[in-house]
Amino acid sequence: MRFFQKYVPGFAGAHLREIAPMLGVRESRRIMGDYVINAEDLVEGRVFEDAVSMGGYHIDIHRPAGTWVDSRNVQAYTIPLRSLIARDVDGLLMAGKCLSATHEAVASTRVVPICMGQGQAAGTAAALAVRRAAGVREVSVAEIQDTLAAQGAEIGRTLEPPNRKAIEEVGQLPLEEEESTGDRDAASSTQQAWIR
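Residues numbered from 1 in each chain as written. Predicted model: local features only at pLDDT ≥ 70, side-chain atom pairs only at ≥ 80, totals over all residues. Heavy atoms only, no water.

## Topic: the packing of aromatic side chains
Aromatic ring pairs are reported here in terms of the distance separating the ring centres and the angle at which the planes meet.
(1) Moving on: For the structure shown, the criterion picks out four aromatic pairs.
(2) Moving on: Centre to centre, the rings of Phe-4 and Phe-11 are 5.1 Å apart; their planes meet at 55°, and the pair counts as tilted.
(3) Moving on: On the accessibility criterion, Phe-4 (38% relative accessible area) is partly exposed.
(4) Moving on: Its relative accessible area of 33% is what places Phe-11 among the partly exposed residues.
(5) Moving on: The rings of Phe-3, Phe-4, Tyr-7 and Phe-11 are connected pair by pair, giving a single aromatic cluster.
(6) Moving on: The aromatic ring of Tyr-35 is capped on one face by Arg-82, whose charged end is 4.9 Å from the ring centroid. (Phe/Tyr/Trp six-rings, centres within 6.5 Å; stacked < 30°, edge-to-face > 60°. Buried < 20%, exposed > 50% of the residue type's maximum accessible area, 1.4 Å probe, protein only. Lys NZ or Arg CZ within 6 Å of the ring centre and 35° of its normal.)

## Things to note about the nonpolar core
(1) Moving on: One finds Ile-59 and Ile-144 to be the most contacted residues of the largest nonpolar core, which totals 31 residues.
(2) Moving on: For this core, the elements supplying multiple residues, two or more each, are helix 2 (39-43), strand 2 (59-62), strand 4 (77-80), helix 3 (103-109), helix 4 (112-132) and helix 5 (141-150).
(3) Moving on: Considering each element in turn, this core owes the most residues, six residues, to helix 4.
(4) Moving on: Among all residues touching Ile-59, those that are not within four sequence positions of it are Ala-39, Leu-42, Val-43, Asp-70, Ser-71, Arg-72, Val-74, Glu-104, Ala-107 and Ser-108. (Core = buried A, V, L, I, M, F, W, Y, C linked by side-chain atoms within 4.5 Å. Helix = DSSP H or I, 4+ residues; strand = E, 2+ residues; numbered from the N terminus. Contact = heavy atoms within 4.5 Å.)

## Re helix 5
(1) Moving on: Restricting attention to buried positions, one finds in helix 5 the residues Ile-144, Gln-145 and Leu-148. Down the axis of helix 5, the buried set is contained in an arc of 95°. They therefore lie on one face.
(2) Moving on: Considering only its buried residues, helix 5 is in contact with strand 1 (51-55) and helix 4.
(3) Moving on: N-capping of helix 5 is provided by Ser-140, with a side-chain oxygen placed 3.2 Å from the backbone N of Ala-142.
(4) Moving on: Looking one or two residues beyond helix 5, the residue adopting positive phi is Gly-152, at roughly 95°. (Arc of directions from axis to C-beta. Polar contact = N/O pair within 3.5 Å; in protein donor to acceptor, adjacent residues only side chain to side chain.)

## A short note on a nonpolar patch on the surface
(1) Moving on: On the surface, a nonpolar cluster with roughly 440 Å² of combined accessible area is contributed by Phe-3, Phe-4, Tyr-7 and Phe-11.
(2) Moving on: Positionally, Phe-3 belongs in helix 1 (residues 2-7).
(3) Moving on: Assessed through its relative accessible area of 52%, Phe-3 is described here as exposed. (Patch = residues over 30% accessible without salt bridge, like charges linked within 9 Å, V, L, I, M, F, W, Y side chains within 5 Å. Areas by Shrake-Rupley, 256 points an atom, 1.4 Å probe, with all protein chains shown as cover. Salt bridge = Lys/Arg side-chain N within 4 Å of Asp/Glu carboxyl O.)

## Describing helix 4
(1) Moving on: The first and last C-alpha atoms of helix 4 sit 30 Å apart over 21 residues, in line with the 30 Å expected at 1.5 Å per residue.
(2) Moving on: Here helix 4 has its buried residues at Ile-114, Cys-115, Gly-117, Gln-118, Ala-121, Ala-122, Thr-124, Ala-125, Leu-128 and Ala-129.
(3) Moving on: Check the buried side of helix 4 and you find it contacts strand 1, strand 4, helix 3 and helix 5.
(4) Moving on: Directly after helix 4, the chain includes Ala-133, whose backbone phi takes a positive value near 55°. (Expected span 1.5 Å × (residues − 1).)

Given below as structure tokens:
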């Protein structure tokens, strides 16, 4: 605050009211699912047959080293049930930041509204599995989708085409853009770097 008050015009009378009580972690370990969502799924706006949630937030990567930020626009995309089911494990579902997705894809899917949709889908699938006394993979995808739709979840069934007028007024990130410049770190510079 002293720096801002002394050197930034307009901040002479500024004061600090509060700060975040804890650091937020953008991403961490993820569970490998029956399907791993990747950046191309998002950029191309893939619609999966087993869609149980949706997203549309841009891919937003803040590299741990330097100040380099990578941002790519996406089309509205769906999240498949298979990405919520842990690979080779019965009875384990995941949502949010531990979704089965690559480093690049989770840079879009980790935002709160998209995580909420995943959580609703995982909880609904689990409840239906318990009700049927069956494994999640044994529950009809159509039943899960119908239940989610009845709850008001948007899974791509009633999504309308983009509102071109609003896009012209507000704008959007370009689908094709120049490569960002700046420092990159070796730990996360490749799509497969996080898989061990």
